[in-house]
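# Residue-level structural notes
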Amino acid sequence: MKKFALENSLEDWQGYISNIGEAKYRATQIAEWIWKKHVTSADEMTNLSKDLRERLKADFYFSYPEILLTQKSKDGTKKFLLKLSDAETIEMVLMKHGDRLTLCLSTQVGCPLGCTFCATGTSGFARNLTAGEIAAQFLLAEKITSRDLSNVVYMGMGEPFLNTDAVLKSIRLLNHEKLRGFGIRHFTISTSGIIKGIEALRDASLPVRLAVSLHAADSELRSFLMPVNETNPLPELRKALVDYQSKTNDRISFEYALFGEVNDTVERARELVHFLRGIHSFVNLIPYNATGGRYKTASPEAVLRFKTILETAGFETEIRSSMGQDIDAACGQLRRKIAEGAVEKDSYTKTDAIIHASMLHDAANIERYERKAKLLEKKIVAKATKKTTSGGFIDKFRRKKSNDTEKNSQNCFSNLKVKKQKLGFKRTKG
Ligand code: SAH
Ligand code: SF4
């Protein structure tokens, strides 16, 4: 079976070249064609002998993922749906900030972690990407724009630290000076808080930037938003981050998407301040990019209030505009919309059949997810009911709860309101 050429490191090429009895410098030539000149076939490698080119063609394939669909936003953001060699699909997003070009790339086909606000997380998981498939998104982006990227963020579909080996390998490939030579400080890995991955990065001697998607500093709320919190709980995550920082000395970014009336209150901001104390942090506040109903965008007042509380406590904070809102640029949104048949047929660049076929398993996953979400909602309401059994505040709470329970079958948002009241009550008591 042919191997994908982007999986090879320089050492792999040197081994291959020596095995087939070619001169050593051929390895560097091949690597340059692939990584610096972005060629996608051996035929283009004009300084190699015809025999070597034929041999390469027999042993490797060089083509990048195929672009199935492109969406362009008014703000210049471009989103691509890509087809991999086994017909699975992923997304990548290109963002322009002035002269800078940032690529947001995917590390998995889908994501198994099921964050309740994320289109990727709610549309299932198929497989990990290989290092070559991750790096290919980078080279493809440079090829189609005819420009060098300025930054790359591992923030598209998937959880990088559930695919740590391939992610770190892709960074080593792209960073290697004889390959692409892309500056190590221009990489950012975003994680939902997988402690093992943070530890692996700490020990990897790869000084990339680390971003953590936090979204809540209260354990119960975070577990609801991000079930991964159950197995990677906040206190242990915090410990891993402090440890990471003491070794790397590097500032850590925190992503905090603001969901209206869920995690945007004064109390939530104070919890965040408490969590971040002692960590050299940069907080990105992201007004939530609604993916369809479950949560709503925080009001501008709430966003500003949240920012002010963090800044007053001494944390550098930025409100990050959601790029490409008109083209569903939050990760997984495009892929899911196609699965739901909600993208206009006319905007397809390839046949509907290919896209729909590759999406079919997602439709089943959405249903599975919905069932899971309902169970979780029930659990949270049950907990809230159990804990609030005494005190003068309770009657009001109960009235509110029974109203909310009416809506619970459709809307988990009301559950969070119940829970918020419950937590407020706990706090005033003690
Ligand atoms: N799995 C990794 C990286 C991919 S998700 C992680 O969770 O960090 C990239 C970022 O997009 C995360 O911060 C995630 O929380 C955020 N995100 C996902 N869906 C979003 C949405 N609809 N609106 C705003 N941010 C979203
Ligand atoms: Fe996965 Fe990140 Fe989406 Fe959560 S936010 S489901 S970890 S991609």
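Residues numbered from 1 in each chain as written. Chains lettered and ligands numbered in written order. Predicted model: local features only at pLDDT ≥ 70, side-chain atom pairs only at ≥ 80, totals over all residues. Heavy atoms only, no water.

Quick look at the pairing of strand E10 (residues 187–191) now. In terms of burial, E10 is largely enclosed, as five of its five residues are buried. Covered by surrounding structure in E10 are Phe-187, Ile-189 and Thr-191 together with Thr-188 and Ser-190, the residues of both alternating faces. As paired elements, strand E9 (residues 151–154) and E10 share three bridges and run parallel to each other. By the bridge assignment, Val-152 is partnered in E10 with Phe-187. Regarding the hand of the β-α-β motif, the stretch spanning E9, helix H5 (residues 164–175) and E10 is right-handed. For the crossover from E10 across helix H6 (residues 195–202) to strand E11 (residues 209–213), the handedness is right-handed. (Buried < 20%, exposed > 50% of the residue type's maximum accessible area, 1.4 Å probe, protein only. Helix = DSSP H or I, 4+ residues; strand = E, 2+ residues; numbered from the N terminus. Pairing = 2+ DSSP bridges. Right-handed = clockwise from strand over helix to strand, strands pointing away.)

The next subject is the site of ligand 2. Neighbouring ligand 2 are Cys-111, Leu-113, Gly-114, Cys-115, Cys-118, Gly-121, Gly-158 and Ser-192. Tallied by class, the residues present in the shell around ligand 2 amount to four nonpolar, four polar and no charged. (Near = heavy atom within 4 Å. Nonpolar A, V, L, I, M, F, W, Y, C, P; charged D, E, K, R; others polar.)

Attention now moves to H5. Relative to the 16 Å expected for twelve residues at 1.5 Å per residue, H5 spans 16 Å between its end C-alpha atoms, a close match to the ideal helical length. Listing the buried residues of H5 in full gives Thr-164, Ala-166, Val-167, Leu-168, Ser-170, Ile-171, Leu-173 and Leu-174. Structurally, H5 contributes buried residues whose contacts are with helix H2 (25–36), helix H4 (131–145), E9, E10 and H6. (Expected span 1.5 Å × (residues − 1). Contact = heavy atoms within 4.5 Å.)

Attention now goes to the sheet that holds strand E6 (residues 100–104). Taken in spatial order, the ten strands line up as E3-E4-E5-E6-E9-E10-E11-E12-E13-E14 in an open sheet, and their pairing is mixed. The sheet is open, and its two edges are formed by strand E3 (66–72) and strand E14 (316–319), each paired on a single side. Mean inter-strand twist for the sheet, computed between neighbouring axes without regard to direction, equals 20 degrees. Taken together, the four bridges between E10 and E11 define a ladder with parallel strand orientation. When the bridges of E11 are listed, Thr-191 appears paired with Val-212. Contacts between helix H9 (residues 266–276) and the sheet are confined to strand E12 (252–258) and strand E13 (281–287), with E12 contributing the most and set at about 165 degrees to the helix. (Axes fitted to C-alpha atoms, helices over the stretch in contact; angles between N-to-C directions.)

What follows concerns helix H10 (residues 300–312). Taking 1.5 Å of rise per residue, the 13 residues of H10 would be expected to cover 18 Å, and the 18 Å separating its terminal C-alpha atoms lies within 8% of that figure. The complete set of buried residues in H10 reads Ala-302, Val-303, Phe-306, Lys-307, Ile-309 and Leu-310. Taken around the axis of H10, the buried residues stretch over an arc of 160 degrees, which confines them to a single face. What points out from H10, more than 90 degrees from its buried face, is the exposed set Pro-300, Glu-301 and Thr-312. (Arc of directions from axis to C-beta.)

Trp-35 and Leu-56 are the most contacted members of the largest nonpolar core, which has 109 residues in total. If you tally residues by element for this core, the top one is H4, at eight residues. With residues near it in sequence (within four places) discarded, Trp-35 still touches Leu-6, Asn-8, Ala-135, Leu-139, Leu-173, Leu-174, Leu-179 and Arg-180. (Core = buried A, V, L, I, M, F, W, Y, C linked by side-chain atoms within 4.5 Å.)

With respect to the secondary-structure elements, Ser-150 resides in the loop between H4 and E9. Each C-alpha atom, one on Ser-150 and one on Phe-187, is 9.3 Å from the other, the two residues being 37 residues apart in sequence. The contact partners of Ser-150, leaving out residues within four places of it in the chain, are Asp-99, Arg-100, Leu-101, Phe-182 and His-186.

Two numbers describe a pair of packed helices, the interaxial angle and the distance between the axes. Running from amino to carboxyl end, helix H1 (residues 10–19) crosses helix H3 (residues 50–59) at an angle of 120 degrees, the nearest separation of the two axes being 13 Å. As for how H1 packs across H3, the hand of that crossing is right-handed. Contacts between H1 and H3 involve Trp-13, Tyr-16 and Ile-17 on the former and, on the latter, Leu-52, Arg-55, Leu-56 and Asp-59. Its residues assigned to classes, the contact of H1 with H3 shows five nonpolar, no polar and two charged. (Left-handed = near helix turned anticlockwise from the far one by under 90°.)

The next point concerns the site of ligand 1. In the region of ligand 1, 18 residues are neighbours, and Gly-158, Ser-190, Ser-213, His-215 and Asn-289 sit closest. The separation between a nitrogen atom of ligand 1 and a polar side-chain atom of Glu-159 is 3.3 Å. Note that an oxygen atom of ligand 1 is positioned 2.7 Å from one of the side-chain N or O atoms of Ser-190. For ligand 1, the accessible surface in isolation is 540 Å², of which the surrounding protein chains cover 93%. Across the shell around ligand 1, the residue classes break down as seven nonpolar, nine polar and two charged. (Polar contact = N/O pair within 3.5 Å; in protein donor to acceptor, adjacent residues only side chain to side chain. Areas by Shrake-Rupley, 256 points an atom, 1.4 Å probe, with all protein chains shown as cover.)

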